[in-house]
Amino acid sequence: MLPQKQAEEAIVTNINETEHEAGSTKEEEREQDQSMFSLKSIFWHGGSVWDAWFSCASNQVAQVLLTLPCSFAQLGMLSGILFQVFYGIMGSWTAYLISVLYIEYRTRKEKENVSFKNHVIQWFEVLEGLLGPYWKAVGLAFNCTFLLFGSVIQLIACASNIYYINDKLDKRTWTYIFGACCATTVFIPSFHNYRIWSFLGLGMTTYTAWYLAIAAILNGQVENVTHSGPTKLVLYFTGATNILYTFGGHAVTVEIMHAMWKPQKFKYIYLLATLYVFTLTIPSAVAVYWAFGDMLLNHSNAFSLLPKSRFRDAAVILMLIHQFITFGFACTPLYFVWEKVIGMHDTKSICLRALARLPVVIPIWFLAIIFPFFGPINSAVGSLLVSFTVYIIPALAHMLTYRKPSARQNAAEKPPFFMPSWTAMYVLNAFIVVWVLVVGFGLGGWASMTNFIRQIDTFGLFAKCYQCPTPAAHVAAAPPPHAHH
């Protein structure tokens, strides 16, 4: 345990230099303790364990909450629940591996007296420091592409959701509008400054999840409802990869850890966040699937089947605000990468950094207009990008980092209490690599891309209003309530 204790002490010793992006001094830290309840501290400056928990839980489930009932229709009730629990636990494990590798990297660098003042450590830098430049290139490519499309998905979801309140404008026009709104995230410097947003965001998804569950139960089962899933392998693995995507939100783990005052306390935060997220995702998906059954196969957004009411409008508005927050979560690491490329990362001026960040938003805006396929795009991103970014690469990186006896002996973090040995960790990591490679990337990639291409053939690129009801169907969009069972 001695190396682990030394690692934690090393990080705590250097925390005054690295905990704040702007480089807090010891005097500023004392002032912060004295003014803990000041407005700036409460709303803007976060780095506690609770801040990290809120960030993880808020970022993990956003618009995907609205697509999970569709996944249940593709998978069937039992498979839907089992895949959620399975991928939730697997995602928590790989988030733990990422946190261990971050601590290892930071400990080694601080022993070399490397200062991270005005520098945010990112996942690709951890890979480079531990495994070399080729791993940096792989990590950078997958992470940036995933976060890029993660931002695209939030933008698509904004347009899809607002349409259920105001359908006078088509979804493409709403994408233009929300692209401009989401561009304001360039003014949020780092994950330190998401304290109030993370707290509010989790409250918003909690309301939406329980609105979906309660509204579906009160609405009752629609007439002649059927629950035939699973029926086709393509749909089955498309649904499974959407759930893989749901619990693959830990691509920003390193940035969230770096924003903490004591990063070594992160280890089990993601698991605790996932356990809370289960209370949102499982009841809502089960209830909506129970009420609408196979109708969900043609309605990727659960809002589209629930009757219009002030409660639904409130849920839509709250999800719009939350998607703005999640857009910022996905985009902030991209902003950091871009700043480092153009040499602006050390700049203290918020306005200058915001101006430098704007070019990152433009391709996101453009891609959201090209591929407005709310739902199918989640599965495609899940199989092709999430599978490698947050499952395969962290598991392989952990295996290679500690492949030598000396590395295991001097490891900053030993195997957790529930893992009997390094061998057991290797077996578990190898299982994750094989499972995700075969089921997530292989079968999931085939299914999700088949479905994605089908959407392009049906609706075309630059679709003006994806899955919008025809005028004749508009009247029947909200089925009348049936008080069954």
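All residue numbers refer to position in the chain's written sequence, counted from 1. Side-chain atom pairs in this predicted model are given and counted only at pLDDT of 80 or more, local residue features only at pLDDT of at least 70, and totals for whole chains, interfaces and linings cover all residues. Hydrogens are left out, water is left out, and the side-chain values use all remaining heavy atoms of the structure.

Here is the rule: UniProt positions are given in the numbering used here, feature names are shortened, and annotations may be inferred rather than shown by experiment.
In the nomenclature of an unreviewed UniProt entry, the protein chain corresponds to Amino acid transporter transmembrane domain-containing protein from the organism Flemingia macrophylla. For the record of the protein chain, the UniProt heading Sequence similarities (unreviewed entry) holds the text "Belongs to the amino acid/polyamine transporter 2 family. Amino acid/auxin permease (AAAP) (TC 2.A.18.1) subfamily."

### Structural notes on the packing of helix 6 (residues 64-75) against helix 7 (residues 77-111)
This is how it is decided: Note on geometry: axes are lines fitted to C-alpha atoms, helical ones only across the stretch in contact, with angles between N-to-C directions running from 0 to 180 degrees. Think of it this way: any DSSP run of H or I at least four residues long counts as a helix, any run of E at least two long counts as a strand, and we number them from the N terminus. Working rule for angles: under 35 degrees goes down as roughly parallel, over 145 as roughly antiparallel, 65 to 115 as roughly perpendicular, anything else as oblique. What makes a crossing left-handed is the near helix being turned counterclockwise from the far one by less than a right angle; a clockwise turn instead makes it right-handed. Whether two residues are in contact is decided by their heavy atoms: any pair within 4.5 Å suffices.
One can describe the packing of helix 6 onto helix 7 by two numbers: an axis separation of 7 Å at closest approach and a directional angle of 125°. In terms of their interaxial angle, helix 6 and helix 7 are classed as oblique. In the packing of helix 6 onto helix 7, the handedness of the crossing is right-handed. Taking contact as the criterion, the partners of Leu68, Phe72 and Leu75 in helix 6 are, on helix 7, Met77, Ser79, Gly80, Ile81, Phe83 and Gln84.

### Some words on the nonpolar core
The condition is simple: Residues enter a nonpolar core if they are buried and are Ala, Val, Leu, Ile, Met, Phe, Trp, Tyr or Cys, with the set joined through side-chain atoms within 4.5 Å. Only protein chains enter the area calculation, which uses a 1.4 Å probe; residues under 20% of their type maximum are buried, those over 50% are exposed, and those in between are partly exposed.
Counting residues in hydrophobic clusters, the biggest one holds 145 residues, and the most contacted among them are Val126, Leu212, Phe266, Phe303, Ile364, Ile377 and Val381. The element best represented in this core is helix 15 (residues 310-342), accounting for 14 residues. For Leu212, the contacting residues outside a window of four places in its chain are Leu65, Leu66, Ser284, Val288, Ala302, Phe303 and Leu306.

### Here's the deal with the side chain of Ser304
Stated formally: Side-chain atoms alone can form a polar contact between residues adjacent in sequence; in general such a contact is a pair of N or O atoms within 3.5 Å, and within protein one must be able to donate a hydrogen while the other accepts it.
Note that Ser304 resides in the loop between helix 14 (269-292) and helix 15. Engagement of the side chain of Ser304 in a polar contact is seen with the backbone oxygen of Asn301, the distance being 2.7 Å.

### Digging into helix 17 (residues 376-401)
How we decide: In this scheme, a helix's expected span is set at 1.5 Å multiplied by one less than its residue total.
For helix 17, with 26 residues, the first-to-last C-alpha span of 36 Å sits near the 38 Å given by 1.5 Å per residue. Summarising burial for helix 17: 23 of the 26 residues are buried, a large majority.

### A look at the packing of aromatic side chains
Rule in force here: Two aromatic rings from Phe, Tyr or Trp, using only the six-membered ring of Trp, form a pair when their centres are within 6.5 Å; if the ring planes differ by under 30 degrees the pair is stacked, by over 60 it is edge-to-face, and anything between is tilted.
All told, the structure shown has 23 aromatic pairs when counted by the stated rule. A ring pair is formed by Tyr96 and Tyr268, whose centres lie 6.0 Å apart and whose planes are at 10°; its orientation type is stacked. Of this pair, Tyr96 sits in helix 7 while Tyr268 is found in the loop between helix 13 (253-258) and helix 14, placing the two residues 172 residues apart along the sequence. Judged by relative accessible area, which is 32%, Tyr268 ranks as partly exposed. A centroid spacing of 5.5 Å and a plane angle of 85° characterise the contact between Tyr236 and Phe237, whose relative ring orientation is edge-to-face. Following the ring pairs from residue to residue traces out a cluster consisting of Phe83, Phe86, Tyr87, Tyr236, Phe237, Phe431 and Trp435.

### As for the pattern of salt bridges
Inclusion rule: Whenever Lys or Arg places a side-chain nitrogen within 4 Å of a carboxyl oxygen from Asp or Glu, that contact is recorded as a salt bridge.
Inspection of every chain in the model, using the stated rule, returns nine salt bridges. Its salt-bridge partner being Arg357, residue Glu339 comes within 2.6 Å of it at the nearest N-O pair. One end of the pair, Glu339, is in helix 15; the other, Arg357, is in helix 16 (residues 350-370), with 18 residues separating them in the sequence. Both residues of the pair, Glu339 and Arg357, belong to the buried class. Overlapping salt bridges bring together Glu339, Arg353 and Arg357 as one network.

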